Amino acid sequence: MARLAAATIIILLTAAPALADDCNVFINPEDCENTAWTVGAVATAAAAAAAATALTRSGTRGPLPRDEGECGAEIHDLDGRLNREVHALETSIDRFNREALGLDSQFARAIRTYRDEGEIEWLSRAKHARRKLQEEALPDIQRGIPEVMALWRHREAVYQHCLSRGMLPQGTWRREAPSFNDLMPLPDWSEDNPPPFMEEAEAEAGVRTPPDHDALIDSLGKPGTTVIDPSNAHNLGPPELVGPGGTIKVPPTAPMWASPLDGVPIPRPTIEGGTVTVDVGVVKGTVRVTNDGGKLAISGTYEVPFGGGNVQDVKRLQKMLAQINQQMREAGMEVKSIDASGTTIRIRTGPIEGGS
Amino acid sequence: MAAVSGSLIGVLFVALFAYLDWLTHRSLPVAVGGAAVAMTLILARGWIGRRLLQVPAVAQLPPVARRLLLALVPLLYFMVRGAGTSGAGALVLILSMLVAGGLALAAPSLDGTLRGFYAARNRALPAWLRAVLVPVGAILISFLVVHGSLLDLPALFGGQTNSPASPAGREGRFALAIILSGVLGMLLLREEEPS
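Residues numbered from 1 in each chain as written. Chains lettered and ligands numbered in written order. Predicted model: local features only at pLDDT ≥ 70, side-chain atom pairs only at ≥ 80, totals over all residues. Heavy atoms only, no water.

Asks: What am I meant to see in a nonpolar patch on the surface here?
Replies: All names here are of chain B. On the surface, a cluster of nonpolar side chains totalling about 290 Å² of accessible area is made up of Phe117, Ile179, Val183 and Leu187. A per-element tally of the nonpolar patch places helix α8 (residues 171–189) first, with three residues. Of note, Ile179 is situated in helix α8. A relative accessible area of 40% places Ile179 in the partly exposed class. (Patch = residues over 30% accessible without salt bridge, like charges linked within 9 Å, V, L, I, M, F, W, Y side chains within 5 Å. Areas by Shrake-Rupley, 256 points an atom, 1.4 Å probe, with all protein chains shown as cover. Salt bridge = Lys/Arg side-chain N within 4 Å of Asp/Glu carboxyl O. Helix = DSSP H or I, 4+ residues; strand = E, 2+ residues; numbered from the N terminus. Buried < 20%, exposed > 50% of the residue type's maximum accessible area, 1.4 Å probe, protein only.)

Right under this line is the structure:
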């Protein structure tokens, strides 16, 4: 048989060019490309191959079962595969939902750490955990669901095939289509878009971020925590110094060099290690807020044209601070502690101990 | 009786195309190399198919659409290597896809009617013989319909034709041959399967 096959191959390979039409001359290969029988043979064979491909089952699945034994064996095999794949997919979806749910509290803690301590590491970890879920776990699940459904549809088709021919083994059951839990949406929290429940929790705990001077006085006159951060620090000065829209209001008694600053928007200060730094061009200063026996105190330095000094020596600032402390005392409050270690200053106030 | 193996049909057609390619182009590297590549792809089609099904766009295609995409392969071969200067490339491609697609879509509803025929056919003809008959039948149809005479069949093995003919202007014959070969393929290979 092998010799016959080898001889056939040799004969075919060494055969003269087809002696048909112009092929008998074979001046060049195109002679044979353009005869009715060669073009027709390739065309018809290609059409037959296309039809055969379209009409026969592809892949590794065999033909449909032909008797009760084959029906039982194929359905048993499909059930085994379905059980395994459905279980694996359910486990993946449960794990995904559990981890997606855990991301909420992970982000809340990470954002709080970032706000309070300027620590970015926890936020990076939370973002990495979300990216891993989104880029690895989610595509696996989204790919797995149609595959399992395709397997179930095949099982259903085999079941119906066997049922319609009376070839179902006794006790074979019709399997319902598998269904899966919905996937939890992934939170998209960041330092600029914190989770809403975190804001609510802070409000319940008496954490307030006053937007202006009046709100600051009001907040310091209540028990709780007043937060000063770069978003509100520039707007907390008294109305005689801060104009509408957060602009500088220069008093008439101010030196001549300060006049050009009148109406200039107050730039956002930076806060590092609890120290507020303000830079308005000709005026620069750093201010640190401390607890002086239940009262607010400030310290730091400033620079102005032709001079500079310590902020605690600036009478206007001291007068302003004295007014704030006086209003706090009138409200029966005192400073309990000041946490000024990161990018925020958190002033905790409470009732004066043993006070009136 | 087992169904005809897709691999066997594929290998037979690749061998036929390789021989026809050798006959018309006399380029051994293309004929043998092309056949080797095609046969490797056919034998590895399970592995390739499983990986392709991991691509969502492929997995979401209905099975019929996936088979029709695969059916384009021999037709593209015809356009590139078989059509010569006959101008029949587009006609064969379009009509063959219409025939293959029509048969693939109609087959599930015809299965019930043809169930008795399938059973009798499978009893009379072993699967390997049915697989061989499809390309053999296609060659016979091409000589009879496109060329015009079965008597010139020896030309396929180095003989001479008595009635030389040009492929140009034979669109109707090509169309008839395509329809006949498609129907022959269905009658010989189709197995009843779930829709």
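Asks: How should the sheet that holds strand β9 (residues 307–310) of chain A be read in this particular structure?
Replies: Within a sheet, neighbouring strands are paired by backbone hydrogen bonds and run either parallel or antiparallel to one another. All names here are of chain A. Taking strand neighbours across the sheet as the criterion, the five strands line up as β5-β6-β7-β8-β9 in an open arrangement whose pairing is antiparallel. One side of each edge strand has no neighbouring strand; the edge strands of this open sheet are β5 (270–272) and β9. Pairwise comparison of adjacent strand axes, ignoring direction, gives a mean angle of 20° for this sheet. With five bridges joining them, strand β6 (residues 275–279) and strand β7 (residues 284–292) adopt antiparallel strand pairing. When the sheet's bridge partners are listed, Val276 is paired in β7 with Val287. (Pairing = 2+ DSSP bridges. Axes fitted to C-alpha atoms, helices over the stretch in contact; angles between N-to-C directions.)

Asks: Would you mind going over the side chain of Arg121 of chain B with me for this structure?
Replies: All names here are of chain B. By the secondary structure assignment, Arg121 is in helix α6 (residues 89–124). A relative accessible area of 5% means that Arg121 is categorised as buried. Looking at Arg121, its side chain comes within polar contact range of the main-chain oxygen of Leu187, at 2.7 Å. A polar atom in the side chain of Arg121 sits 3.5 Å from the side chain of Glu191. (Polar contact = N/O pair within 3.5 Å; in protein donor to acceptor, adjacent residues only side chain to side chain.)

Asks: Just checking my understanding: could you explain the pairing of strand β11 (residues 345–351) of chain A for this structure?
Replies: Strand residues, when the strand is regular, have side chains that alternate between the two faces of the sheet. Residue and element names in this part refer to chain A. For β11, the buried fraction is high: five of the seven residues fall into the buried class. The pairing of strand β2 (residues 224–228) with β11 spans five bridges and is antiparallel. Paired with Thr225 across the two strands is Arg348, which belongs to β11. Judged from the six bridges that link them, strand β10 (residues 333–339) and β11 form a sheet pairing that is antiparallel. Note that in β11 the partner of Asp339 across the bridge is Arg346.

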